[in-house]
Amino acid sequence: MGHDAFSHHGLGSSALMIIGALHARPSQTIGELVRSASVSRPTAYRALRCLADHGLVHHHGETWSLAPGALEGFGAAPPLAAPDPSAQLAHGWDTVAHQYGTTGVAARRKARHAAERAAYRELLDRFAEHRSKALVLVRDGRKVLVPPPHPDEVPPSWCAPGGRVVDPVTGRLAPDWHVASDGRLILITPADQRSYDELAAAHAEALSEWETAA
């Protein structure tokens, strides 16, 4: 499947499924190939017609079989058959890829994926450079990894009853700082403690200023 001959614009994966099914059990009808190759009937007809143009399969009545050397990509015209002037017999998978113009597709795809993986690893490294280092404590002969606190996490020594926060410098309660229900530090100023009427008046004032400026 990795060969350029079976790329999307070449023979395609359906042709490879047909080849595999005929290799496992030669001389199959279209109905049998639909089941053994797990392809639809139109896809089977299209893939077989394409493979026949390259001399990779032969048609005997209602059954299809691989041509001699088809697994190596060397097509052969069926015996006693009139040559088809439009047929391009395959002389190797590289030749098939060249006929479809898909030579080098696999190499380009591999190079693109390698570049994408390298860019992704570089991005992860940049994130790691800005990530705080965890603290390693040795306890009872074992190393314990302690993740660093987030900037908005509150140390237990700062917490006071009622969700209040103790200023670590002065040791007094910080009037505007509180501990949220999720344990994070939040700032509540007097502007955040206004009544509904005060909020409605502030909204009307801001709306009037906006309309005047507009």
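Structure: see above.
Report follows, based on the coordinates.

Attention now moves to the sheet that holds strand 6 (residues 159–160). Working definition: the strands of a sheet are paired by backbone hydrogen bonds and lie parallel or antiparallel to each other. Reading across from one edge, 6-7-8-9 is the order of the four strands in this open sheet, with antiparallel pairing throughout. Looking at the sheet topology across the chains shown, the edges are occupied by strand 6 and strand 9 (185–187). As paired elements, strand 8 (residues 173–179) and strand 9 share three bridges and run antiparallel to each other. Of the residues in strand 9, the one forming a bridge with H178 is I186.

Now for the side chain of Q28. Residue position: Q28 is located in strand 1 (residues 28–29). Residue class for Q28 comes out buried when judged on its relative accessible area of 0%. If we skip the residues at most four places from it in the chain, Q28 touches A21, L22, L33, S36, E62, T63 and W64.

As judged from the four bridges shared by strand 2 (residues 57–60) and strand 3 (residues 63–66), these two strands associate in the antiparallel manner. In the sheet register, H59 faces strand 3, and the bridge partner there is W64. As consecutive antiparallel partners, strand 2 and strand 3 are separated by two residues, and within that stretch G61 has a phi angle of approximately 65 degrees, a positive value.

For the coordinates displayed, the defined rule picks out one salt bridge. E32 is the partner of R25 in a salt bridge, and the nearest nitrogen-oxygen pair spans 3.9 Å. You can call R25 partly exposed: its relative accessible area is 41%.

Bringing helix 1 (residues 12–24) into the picture now. Look at helix 1: 19 Å from first C-alpha to last across 13 residues, which is about the 18 Å you get at 1.5 Å a residue. Those residues of helix 1 not exposed but buried are G12, A15, I18, I19, A21 and L22. Across the axial projection of helix 1, the buried residues extend over an arc of 165 degrees, all falling on one side. Of the exposed residues in helix 1, the ones pointing more than 90 degrees away from its buried face are H23 and A24. The secondary structure elements touched by the buried residues of helix 1 are strand 1, helix 2 (30–36), helix 3 (41–53), strand 2, strand 3 and helix 4 (93–100).

What follows is about the sheet that holds strand 2. Taken in spatial order, the three strands of this open sheet run 1-3-2, and their pairing is antiparallel. Since the sheet does not close on itself, it has two edges, and those belong to strand 1 and strand 2, each with one partner. Against the sheet, helix 1 engages strand 1, strand 2 and strand 3, with an angle of about 90 degrees to strand 3.

A few words on the pairing of strand 3. Pairing of strand 1 with strand 3, which is carried by two bridges, proceeds in the antiparallel orientation. Residue pairing for strand 3: T29 is matched across the bridge by T63.

Next up on the list: helix 3. Since the α-helix turns once every 3.6 residues, residues separated by three or four places project in the same direction. An ideal rise of 1.5 Å per residue puts 18 Å on 13 residues; helix 3 measures up with 18 Å between its terminal C-alpha atoms. Residues T43, A44, A47, L48, C50 and L51 constitute the buried set of helix 3. Across the axial projection of helix 3, the buried residues extend over an arc of 160 degrees, all falling on one side. Summarising the contacts, the buried residues of helix 3 are in contact with helix 1, helix 2, strand 2, strand 3 and helix 4. Note on helix 3: the residue one or two positions beyond its end, G55, has a positive phi of about 70 degrees.

Each value, and the rule that gives it
- Residues numbered from 1 in each chain as written.
- Predicted model: local features only at pLDDT ≥ 70, side-chain atom pairs only at ≥ 80, totals over all residues.
- Heavy atoms only, no water.
- Pairing = 2+ DSSP bridges.
- Helix = DSSP H or I, 4+ residues; strand = E, 2+ residues; numbered from the N terminus.
- Buried < 20%, exposed > 50% of the residue type's maximum accessible area, 1.4 Å probe, protein only.
- Contact = heavy atoms within 4.5 Å.
- Salt bridge = Lys/Arg side-chain N within 4 Å of Asp/Glu carboxyl O.
- Expected span 1.5 Å × (residues − 1).
- Arc of directions from axis to C-beta.
- Axes fitted to C-alpha atoms, helices over the stretch in contact; angles between N-to-C directions.

So yeah, pure geometry; function would need other evidence.
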